[in-house]
Amino acid sequence: MKQGNGVCFFAYNNDEINYIHLAVLASLYVKRNMNQDNVCIITDVGTWAYAEQSIDSKLLDETIDEVVITNDQHKPNRRHHYDSPWTKFNADFKNSNKHKVREYTPYERTLLLDIDYIVQNNSLDYIFDTDSHVAMYQQAHDLRHRPPHMYEQFLEPHGIPMWWSTVVYFDQSELSKLFFDMWEYVADNYQYYKFIYNFPGTLFRTDYCVSIATHLLNGFASGTSVDEFVPGSLINMEQKDEIHEVKDVNDWVYKVTDRHEEWKHYPVRVKDMNVHCMNKRALLREYDLLMKKFGYG
């Protein structure tokens, strides 16, 4: 029986990125800044065993309320990552079961957040008090308030608008079930929809899945009868950006890379704003310092 409200994160470690450390960090921010602060981690046996061995039990108990262990077979999905403009690496990206969150969540109303989404205010609390069944961001910008690349605004230049799966709110209604069922259907037939919608790349992206699912359920229109907007804009720290300084828990200075002249950087100070920190290695470099600022270690 699902009860109450809460936040869910998926966390599957790989050889390059310590996702369980990111989960603990993201959970600390939810606990600090949101009223709806129950946290569930969806993970696998190996990742959780590593968490119990490498992270203090008191910290785990205080940051994670529920743990769901999965045994899903993930589709091969090798992702190219950047850590600043000068470092590039490849890592497995386990995201092909993300549509199962409605099944896995212990909560009646759930906010699914990406593991690199850092919550520094309580602006997302409001969604739990609305009549929304499913809600996501469609608008996004970077730390210099520039729009994202064209293929992160539309699936292709003359295609449908992109919805972001970075933040997904949903309840247990029949409408939300319909949405997640369609998400699963698109994911299972990803190559077919790649041909139909003509989107680029070889990476399996849940952003494309939810965009197509929304388009199909809205009768091939761009209305919001199935999905509703999370007001405002998703703020993205791009992979080639870096964290220059952590002044305080909710006060960071970023070094933002110019898209055309990558040797050029701009300092941007952000306070009390939610940010999608896509450079995960940069985030992990600040892990120990942030643990101390939160009173651990």
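Residues numbered from 1 in each chain as written. Predicted model: local features only at pLDDT ≥ 70, side-chain atom pairs only at ≥ 80, totals over all residues. Heavy atoms only, no water.

1. Here we look at unusual backbone geometry
The condition is simple: We count a stretch as a helix when DSSP gives it H or I for four or more residues in a row; a strand needs E for two or more, and each element gets its number in order from the N terminus. Classification of residues uses two cut-offs on accessible area relative to the type maximum, computed with a 1.4 Å probe and protein chains only: under 20% is buried, over 50% is exposed, and between them is partly exposed.
In this model, His 145 sits at a positive phi of 65°, which is unusual for a non-glycine residue. Residue placement: His 145 occurs in the loop between strand 9 (140–142) and strand 10 (164–170). Here the phi dihedral of Asp 272 falls at roughly 55°; this positive angle occurs in a residue that is not glycine. Looking at the element boundaries, Asp 272 is found in the loop between strand 15 (265–271) and strand 16 (275–277). Residue classification places Asp 272 among the partly exposed positions, given a relative accessible area of 43%.

2. A short note on the pairing of strand 8 (residues 134–137)
The line we're drawing: DSSP-based pairing: two strands are paired if at least 2 bridges between them are found.
Neither face of strand 8 is open: one carries Val 134 and Met 136, the other Ala 135 and Tyr 137, and all of them are buried. Sheet topology note: the strand 8/strand 10 ladder contains four bridges and is antiparallel. Residue pairing in the sheet places Tyr 137 in a bridge with Trp 164 of strand 10.

3. What to know about the layout of surface pockets
Inclusion rule: Only protein atoms enter the 1 Å grid used here. Points where a 1.4 Å probe fits but cannot escape make up a cavity, open sets with protein on both sides within 12 Å along at least five of seven lines make up a pocket, and a residue lines them when an atom lies within 4 Å of a point. Grid points are joined across faces, edges and corners, and a volume is the space filled by probe spheres set on the points. Ten residues, namely Ala, Val, Leu, Ile, Met, Phe, Trp, Tyr, Cys and Pro, are considered nonpolar, four, namely Asp, Glu, Lys and Arg, are considered charged, and the remaining ones, Gly among them, are considered polar.
Approximately 1300 Å³ is the volume attributed to the largest pocket. Contributing to the lining of the largest pocket are 46 residues, with Arg 79, Glu 152, Leu 203, Gln 239 and Met 278 lying nearest its centre. For the lining of the largest pocket, the secondary structure elements donating two or more residues are strand 4 (78–82), strand 6 (109–113), strand 10 and helix 7 (206–217). Per-element accounting of the lining of the largest pocket gives the leading share, four residues, to strand 4. Residue composition of the lining of the largest pocket, by class: 15 nonpolar, 14 polar and 17 charged. One number sums up the size of the second largest pocket: a volume of about 160 Å³.

4. Description of helix 6 (residues 190–197)
Quick reminder of the rule: Summarising the geometry, the arc corresponds to the directions from the helix axis toward the C-beta atoms. Whether two residues are in contact is decided by their heavy atoms, any of which lying within 4.5 Å being enough.
Looking at helix 6, one finds that the buried residues are Tyr 190, Tyr 193 and Tyr 197. Each buried residue of helix 6 lies within a common arc of 65° when the element is viewed along its axis, so the set occupies one face. Turned more than 90 degrees off the buried face of helix 6, the exposed positions are Gln 191 and Phe 195. Residues of helix 6 that are buried make contact with helix 5 (174–188) and helix 7. Just beyond helix 6, the residue with positive phi is Asn 198, at close to 60°.

5. So, helix 5
Short version of the rule: Here, expected helix span is obtained from the residue count minus one, scaled by 1.5 Å.
Here helix 5 spans 21 Å end to end across 15 residues, near enough to the 21 Å set by a 1.5 Å rise per residue. Contacts made by the buried residues of helix 5 are with helix 4 (101–104), strand 8, strand 10, helix 6 and helix 7.

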